[in-house]
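Overview (structure and organization)
Each chain, written out:
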Amino acid sequence: MIDLMNWLKKTFAYLAIYIVLVSCAVELLLVFSIKASLFNFRSSLIPPYLRQSLSAVLVNDLNGSPIYIKGLKRYTEEFYERIYDDKGFLTGDFDRISNGKYNVFVLGDSYTEALQVKREETFTTLIEQRLANTNMINLGVGGTGTYHHSLRYKTVRKFANVDHVILFFLPQNDVADNHYAFHKQFGIRNAPYPNMPVGVKTHLDKKDSRFKDILKNLITIRILYYGMKNYFNAFVSKVDNKTIKGSIFLSNRLPYFDVFNEPINQTWQEAWKYTEESILHLKKMTKEDEAKFTIVLVADSLQIHHYKNPKNGFDFTYPNR
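Thresholds, definitions, all that
Residues numbered from 1 in each chain as written. Predicted model: local features only at pLDDT ≥ 70, side-chain atom pairs only at ≥ 80, totals over all residues. Heavy atoms only, no water. Phe/Tyr/Trp six-rings, centres within 6.5 Å; stacked < 30°, edge-to-face > 60°. Helix = DSSP H or I, 4+ residues; strand = E, 2+ residues; numbered from the N terminus. Buried < 20%, exposed > 50% of the residue type's maximum accessible area, 1.4 Å probe, protein only. Lys NZ or Arg CZ within 6 Å of the ring centre and 35° of its normal. Pairing = 2+ DSSP bridges. Axes fitted to C-alpha atoms, helices over the stretch in contact; angles between N-to-C directions. Contact = heavy atoms within 4.5 Å. Parallel < 35°, antiparallel > 145°, perpendicular 65-115°, else oblique. Left-handed = near helix turned anticlockwise from the far one by under 90°. pLDDT = per-residue confidence, 0-100.

Let's shift gears to the packing of aromatic side chains. Scanning the entire structure with this criterion turns up 8 aromatic pairs. Ring centres of Trp272 and Tyr318 lie 5.9 Å apart, and the angle between their planes is 85°; on these two criteria the pair is classed as edge-to-face. Linking Trp272 in helix α12 (residues 266-288) with Tyr318 in the segment after α13 (301-304), this pair joins segments that are 46 residues apart in sequence. Using a relative accessible area of 16% as the deciding quantity, one classes Tyr318 as buried. Over the ring of Phe94 we find Lys87; its NZ or CZ atom is 4.6 Å from the centre of that ring. Geometry around Phe89 places Arg152 over its ring, the cationic atom sitting 5.4 Å from the centre.

Another point: the sheet that holds strand β8 (residues 164-169). Taken in spatial order, the 4 strands make up an open sheet running β7-β6-β8-β9, and their pairing is parallel. The outermost strands of the open sheet, each flanked by one partner alone, are β7 (134-138) and β9 (292-297). This sheet shows a mean twist of 20° between the axes of neighbouring strands, independent of strand direction. Sheet analysis places strand β6 (residues 102-107) next to β8, joined by 4 bridges and oriented parallel. Within β8, the position partnered with Phe105 by the bridge is Val165. Strand contacts of helix α6 (residues 146-156): β6 and β8, with the helix running at about 150° to β6, the strand carrying the most contacts.

Now for the packing of α6 against α12. At a minimum axis distance of 8 Å, the contact between α6 and α12 shows a crossing angle of 20°. Taken as axis vectors, α6 and α12 run roughly parallel relative to one another. Viewed along their axes, α6 and α12 form a crossing whose handedness is left-handed. Contacts between α6 and α12 involve Thr146, Tyr147, His149, Ser150, Tyr153 and Lys154 from the first element and Thr275, Ser278, Ile279, His281, Leu282, Met285 and Thr286 from the second.

What follows concerns the environment of Ile83. Tracing the backbone shows Ile83 in strand β5 (residues 80-84). Through-space distance from the C-alpha of Ile83 to that of Gly71 is 5.4 Å; in sequence the pair is 12 residues apart. When sequence neighbours within four positions are dropped, the list of residues in contact with Ile83 reads Gly71, Leu72, Phe89, Leu90 and Thr91.

Mean pLDDT over the protein: 77, with 66% of residues reaching 70 or higher. Every residue in residues 226-252 scores below 50 in pLDDT, and together they form 51 contacts with partners more than four places removed in sequence or on other chains.

Another aspect to go through is unusual backbone geometry. Phi at Asn133 takes a positive value of approximately 60°, unusual for a residue other than glycine. Turning to its location among the elements, Asn133 is positioned in the loop between α5 (123-130) and β7. The exposure class assigned to Asn133 is partly exposed, which follows from its relative accessible area of 49%. At Glu290, a residue that is not glycine, the phi angle is positive and equals roughly 55°. Topologically, Glu290 is positioned in the loop between α12 and β9. You can call Glu290 exposed: its relative accessible area is 75%.

What follows is the structure, given as structure tokens:
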């Protein structure tokens, strides 16, 4: 009986060792496959309504605002395309702003960019169809905040006469998108941020050391497994009575919920400060240009559905106030 127990213990010990070794070998193979670009697991984790392909190049314009140039952005599910020229305008828009019509420049993030619908169905196009003698110039770029919007206007105001500037302000990520600290993980690469400490931009752009990179990918594979399970169980957009299900993005972006309260730390205080300064700078520039300036407050989905949100203790009207 003792021999049998010893044999079972040794068998299980060997099995455990071999299982660990095999799983590590598989994991290493996956890591090197990712490094060799044989697989792109990250794209499979992104919900269909967020997936996009592009030939356009992401650069900074003359004053540092991130823009896409010389190519297209396309959502792969519905094939809704936007083609950009060499100045970061949607095709045809740069020529239109000098046609003598009333020019309205619309600034904002992905809500304004509206890449998930056809260009002829965007709100800027629909408004233009209703207003005679008006150019609605859509300058939205997903992932940008009001700081970048003010930089963009500083550039485009040189190209043509401006009659009206409309800033679409989303009171969640448009605040967070103004601070470098929130962009170590989610930010647009190479994008400038106000008062960014020396070395932070380099840190955002440089690749990790080989050992650190491999270690990070080993951890990523483990996270990938759980992320995949969540992804295939339910998409980010699936909402039931209590929760928003199936999102590794949701859990990673928990700090973004803090915009729905008084600033809880110095980072949020700075983010709100940069937001206010950017809006006031936009107002100042439009006044100099003798143009109208309008802010449109775009409710975040968490504000619209806050009664369904499991995150208790947040004041969803705080950014609006």
